[in-house]
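Listed here are the chains, written in short residue letters.
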Amino acid sequence: MSTAGFNSQNGTGTGQTYTNGPSQNPVALQQPPGVGYGVNHQPAYNPMQAKVLGPPGPTVYPSGPYQPVPPGPQLGSYPPAPAQPLLPRPQIGILPSHTPRTAPPPMIPLPPHTYQPNRPAYGPPPTMKPTAPPAGPPGTTGTPPPPKADAQCWGAASSARPPAEPDTQEGDVECPGDVAGNGPQAPNSYNHVDNRMAGAAPPGRHLGHYPSLPPGYQNTSAPPPSSLHPALQAATQPYTQGPQPYQQPGGPGPGPAQLSPSMAAMSLQSSTPEALRVVNLLQERNLLPPAPVPAPTPCLTQDLQKLNCSPEVFRCTLTSIPQTQSVLNKAKLPLGLLLHPFKDLSQLPVVTSSTIVRCRSCRTYINPFVSFLDQRRWKCNLCYRVNDVPEEFMYNPVSRSYGEPHKRPEVQNATIEFIAPSEYMLRPPQPAVYLFVLDVSHNAVETGYLSVFCQSLLDNISALPGDSRTKVGFITFDSTIHFYNLQEGLSQPQMLIVSDIEDIFLPTPDSLLVNLNECKELVQDLLKSLPNLFEKTMETQSALGSALQAAFKLLSPTGGRMSVFQTQLPNLGVGALQSREDPNQRASAKDVQHLSPATDFYKKLALDCSGQQVAVDLFLLSAQYCDLATLGCISRYSAGSVYYYPSYHHQHNPAQVERFQRDLKRYLTRKIGFEAVMRIRCTKGLSIHTFHGNFFVRSTDLLSLPNVNPDAGFAVQMSIEENLDDMQVVSFQAALLYTSSKGERRIRVHTMCLPVVSSLSDVFAGADVQAITGLLACMAVDRSVTSSLSDARDAMTNAAIDSLSSYRQSALTIQQPGLLAPACLRLFPLYILALLKQKAFRTGTSTRLDERVFAMYQLKYQPLAFAMLMIHPALYRLDDLSDEGALNISERTIPQPRVLQLSVEKLSREGAFLMDAGLVMYLWIGRNCHQNFLSQVLGVSSYAAVPEKLSLLPELDTAESQRTRAFVSWLRDQRPFFPSLHIIRDESQLKPHFLQNMIEDRTESALSYYEFLLHLQQQISK
């Protein structure tokens, strides 16, 4: 990626230049820009890419290309606000021209069915010139790699200044020059279980009934479960990961990737499966199944599917891969992968071996989907090269037998971890190093966060991941930078103040980062004294940029993790910022400004950090605007995380305090990987062209991850470069190389296999609606920054229009009236509407700029299961919980209430309703709520006695209290972050936040779900 590419995305870099520290990573900054490597035979369909320039004009969507719509009444369309013309949709992708159509307009409170007879003329078109795709939006990086070269190299990951990585097999240190089988022989060892916390998918979301509906909107029930397609039935079964009995002939014969001719009989066209059942969205109301929405099961043979990677770790938007790019373009569905590569797993096979078997040509790790031609030869499932089986691989450490390489754990598990031999290292593995950088200005002391942080670290200091080499250090800052000498032998910590913030230096470089085991008492003394040290400070300035420079200098020799706590806008020294938010513009219908960084200082510093194996995690605790769009770059490009606690205060906001405490405990004690790199490989003919997540693309397709944590998700977009005519299946492999906190070099490998199909119907049948929604959300965040928020909104709507239009025109055999979708995509319009109303993309509602940017971060960084909850919350009724259908987990009974449709129609003043929106939960108490619930669950005598600000459920010794608390705890335990709980009454100040998540209802600025469906139907039928 070029520096110009950074500047074009992140602004002109008006802040002060970063002068201290080493120069920019030459490898990182000299990558040629480009959207992909190789040449596409057919341009990929991109729902976020404009395709035809239409005559524009002075409108609320200033920067998108549009087509005019003929004047006249339009069914289902609504009038614009005064002087805000209703706009036609921007065309997207390079596709055959369509009849012009309109995007959903901004809503104003007028009687329904009022139409706009004429539209004003449009002005000159915006100028558009081709540029390299962006390095990423404010949420996280979205970086297209330059032309492909295979050089995934530990050298790049572990040397302080990585050399350029040669495009040769011998230069590949992730894949060392010696072929598998060479090098010193060591005994095999195999550890089947690496016990970690098992992550569970969040509960699904179910729709109930519509509110008052127009005549003709009938309720037709879904078919009985017995009529489900076997693939769908299988998808509802819990996924089990572990070694499966996998028999493969030892002599010449077909391997698992060489499928039998019966594959043809499995074609989804031989009968109509449940996934292709035609659903009229304007008639069918009960769209969601009673259980959580499962990931679709790929249409593979049973042997292959048993071995496939868990969808919680590796998921594709299309579980049936189109044979050609033209078929993919016709489907109008995005092709991409969603990964959760370092997820906590309950079972993780770990292999220790001096021989890690890999393809000599493409360097793919041997996996369950390779073919064994005989005992001594295997064929790669990505490039089809035939490789020799090394002698050591003939021995199976699990069965302790010889001569059955196809039964080795590497060939029985789609997810596996290797303890890497010494040739995978260019320097000794780094120790775990933790540096805490703390804002101690007057504003910070007022919030009271410092006491919570110090106490939390004191409580968890022995649980920090690491070994006898673990190091820690502390820096505090206001208008000056304060270092702490913690050298062994001192009677108490020594504070060293550097006031020259323009030319920062380390006063005692050798005693600022100390061995935790040797100096634990000094560290504990410092943590006990820090809150009192600054309690009377009147210093209001914040020199964050200089503090980050100092921290970078301190961590550069070793690498490690920098944890930064900030409570205000930096206003002194390098990286100083000015407020860019106008509170009066928050709810305007115009485009949202300032989603991109104000200066490139933080991005450049992040790239320096990445080159030295330093990741920066940012904790922002503030009631004021802090310019997260700019500050977030420090984490985005260094593979860090961003935590945001708006309106944090130790007295006024106890819910945020509890959330901060719980998040901090998880953050300090969770697993961590240092100096990591990740590469995703795919079968020949497929191409990866854009990445989403927090990282830096160091060279070609190598993602630099100075730290990797178990809560980070990634996404990639793909295209089909060469026809997959001769293939029945394709495979994808993600390899994550990292140093564990114990100093071991490890390689975690995930491999997924999917079928190749030639018909459009089969492509639609394999669509994964949640994965598609997650990938579109990432793409829309990018589009919001590089173009405009309104362009991103229009493009998301168009994605639904295009796919349903394509389905109607090309996949339906019998045309019929209505808004038709295949059953597998029946939730697509609902999820798109949910995105349009999500905090990241909504308009017409007062939304703080930092909160919007943080929502964008979450959509690009969270693994899919958690992102979906933030997109489409779950609503439950809690005042009538019962044990019917309950789960029994660890001797606890967990009620399983039905998930309700997100509409006020589902609320009742006699009830109590819990809304789970991912990061926050609301328990709404109806005005006439049953007395039994009030007394047995909340411990109050009447509705009026419910406190105004209540964030904890009291622990009462009643069956109702135990059921309610068990259910809320179960929901919280399924995610790695802690959602705060707000118990609200009908007249509470937080009720508008609760109602904003009622996605299916109409608001002053957005369509209801039914109106949105009518709008889609109008556009499709043009």
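Residues numbered from 1 in each chain as written. Predicted model: local features only at pLDDT ≥ 70, side-chain atom pairs only at ≥ 80, totals over all residues. Heavy atoms only, no water.

Before going further, it helps to examine the overall build of the protein. Secondary structure summary: the protein contains 25 helices and 36 strands in total. Counting across all 1022 residues of the protein, residues that qualify as buried make up 64%. Residue pairs at least 24 apart in sequence account for 80% of intrachain contacts in the protein once pairs closer than 6 positions are excluded. Accessible surface computed for the protein: about 35,900 Å², of which carbon and sulfur atoms make up 53%. (Helix = DSSP H or I, 4+ residues; strand = E, 2+ residues; numbered from the N terminus. Buried < 20%, exposed > 50% of the residue type's maximum accessible area, 1.4 Å probe, protein only. Contact = heavy atoms within 4.5 Å. Areas by Shrake-Rupley, 256 points an atom, 1.4 Å probe, with all protein chains shown as cover.)

Moving on to the packing of aromatic side chains. In the structure shown here, the tally under the stated rule is 26 aromatic pairs. Between the aromatic rings of Y449 and F565, the centroid separation amounts to 6.0 Å while the plane-to-plane angle is 10°, which identifies the pairing as stacked. Residue Y449 is located in helix α9 (residues 449-460), and its partner F565 is located in strand β19 (residues 560-566); the two are separated by 116 residues in the primary sequence. Its relative accessible area of 0% is what places F565 among the buried residues. Where Y645 meets F660, the ring centres are 5.3 Å apart and the plane angle is 70°; that geometry is what we call edge-to-face. (Phe/Tyr/Trp six-rings, centres within 6.5 Å; stacked < 30°, edge-to-face > 60°.)

Glancing now at the pattern of salt bridges. Counted under the stated rule, the structure contains 35 salt bridges. Between R748 and E417 there is a salt bridge, with its nearest N and O atoms 2.7 Å apart. Here R748, found in strand β28 (residues 745-757), pairs with E417, found in strand β13 (residues 415-419); they are 331 residues apart in sequence, far enough to count as distant. For E417, a relative accessible area of 0% gives the class buried. Through salt bridges with shared partners, one network takes in R909, R927, E948, R985, D986, E987 and K991. (Salt bridge = Lys/Arg side-chain N within 4 Å of Asp/Glu carboxyl O.)

Bringing the sheet that holds strand β35 (residues 920-925) into the picture now. Taken together, the five strands give an open sheet; going across it, the order is β33-β30-β34-β35-β36, and neighbouring strands pair in mixed fashion. Looking at strand neighbours, the two that pair on one side only are β33 (899-900) and β36 (980-984), the edges of this open sheet. Summarising the sheet, strand β30 (residues 874-877) and β33 pair through two bridges and their orientation is antiparallel. Opposite L875, over in β33, you have L900 as the bridge partner. (Pairing = 2+ DSSP bridges.)

With that out of the way, let us pick up the nonpolar core. Within soluble globular proteins, side chains that are nonpolar generally end up buried alongside one another. With 190 residues, the main nonpolar core has L337, M562, F732 and F841 as its most contacted residues. Among the elements that line this core, the one with the most residues is helix α17 (residues 769-786), at eleven residues. Core analysis: the second largest hydrophobic core is formed by 41 residues, F436, L458, L526 and Y667 among them. (Core = buried A, V, L, I, M, F, W, Y, C linked by side-chain atoms within 4.5 Å.)

The residue T537 is located in the loop between α10 (520-533) and α11 (544-555) in this model. Of the residues examined, T537 reaches a relative accessible area of 16% and is grouped as buried. With 93 residues separating them in the primary sequence, T537 and A444 have C-alpha atoms 9.9 Å apart. For T537, the residues in contact, after removing those within four places along its chain, are V440, S441, H442, V445 and D478.

Closest axis-to-axis distance for the α11/helix α12 (residues 601-611) pair is 11 Å, and the angle between their directions is 10°. Comparing their axes, α12 and α11 come out roughly parallel. Contact with α11, carried on its side by L544, G545, L548, Q549 and F552, involves F601, Y602, L605, D608 and C609 of α12 and no other residues of that element. Among the residues making up the contact of α11 with α12, the classes are represented as seven nonpolar, two polar and one charged. (Axes fitted to C-alpha atoms, helices over the stretch in contact; angles between N-to-C directions. Parallel < 35°, antiparallel > 145°, perpendicular 65-115°, else oblique. Nonpolar A, V, L, I, M, F, W, Y, C, P; charged D, E, K, R; others polar.)

Its twelve residues give helix α25 (residues 1009-1020) an end-to-end C-alpha distance of 16 Å, which sits within 8% of 16 Å, the value for a rise of 1.5 Å per residue. The buried fraction of α25 is high, at eleven of twelve residues. Taken together, the buried positions of α25 are occupied by Y1009, Y1010, E1011, F1012, L1013, L1014, H1015, L1016, Q1018, Q1019 and I1020. Where α25 is buried, its residues contact α18 (789-811) and α19 (828-836). (Expected span 1.5 Å × (residues − 1).)

Here T476 is to be found in strand β15 (residues 471-477). A distance of 2.7 Å separates polar atoms of two side chains, one belonging to T476 and the other to Y484. If we skip the residues at most four places from it in the chain, T476 touches L438, V440, I481, H482, Y484, L530 and F534. (Polar contact = N/O pair within 3.5 Å; in protein donor to acceptor, adjacent residues only side chain to side chain.)

Turning to the sheet that holds strand β9 (residues 377-379), a few remarks are in order. One open sheet holds the three strands; their spatial order is β8-β9-β10, and the pairing between them is antiparallel. Both outer strands of the open sheet, β8 (371-374) and β10 (386-388), are each paired with one neighbouring strand and no more. Between one strand and the next, the sheet's axes are offset by a mean angle of 35°, whatever the strand orientation.

Okay, helix α15 (residues 654-669) next. Relative to the 22 Å expected for 16 residues at 1.5 Å per residue, α15 spans 23 Å between its end C-alpha atoms, a close match to the ideal helical length. Listed in full, the buried residues belonging to α15 are A655, Q656, V657, E658, R659, F660, D663, L664, R666, Y667 and L668. On its buried face, α15 sits against β14 (433-439), α9, β19, β20 (614-622), β21 (642-646) and β36.

Okay, unusual backbone geometry next. Unusually for a residue other than glycine, H594 sits at a positive phi of about 65°. With relative accessibility at 35%, the residue H594 sits in the partly exposed group.

On to the pairing of strand β26 (residues 714-720). β26 sits mainly inside the fold: seven of its seven residues count as buried. Of the two faces of β26, both are covered, the one formed by F714, V716, M718 and I720 as well as the one formed by A715, Q717 and S719. Note that strand β6 (residues 336-339) and β26 share four bridges and pair antiparallel. Residue pairing in the sheet places L338 in a bridge with A715 of β26. With six bridges joining them, strand β23 (residues 686-693) and β26 adopt antiparallel strand pairing.

Between α18 and α19, whose axes approach to 10 Å, the crossing angle comes to 175°. Classified by the interaxial angle, the pair formed by α18 and α19 is roughly antiparallel. Contact residues: R793, M796, T797, A799, A800, S803 and L804 in α18; F828, P829, I832, L835 and L836 in α19. In terms of residue class, the contact of α18 with α19 is built from nine nonpolar, two polar and one charged.

A cluster of nonpolar side chains, namely M495, I497 and L533, defines an oily patch on the protein surface of about 270 Å² accessible area. With respect to the helices, strands and loops of the structure, M495 is situated in strand β17 (residues 494-498). (Patch = residues over 30% accessible without salt bridge, like charges linked within 9 Å, V, L, I, M, F, W, Y side chains within 5 Å.)

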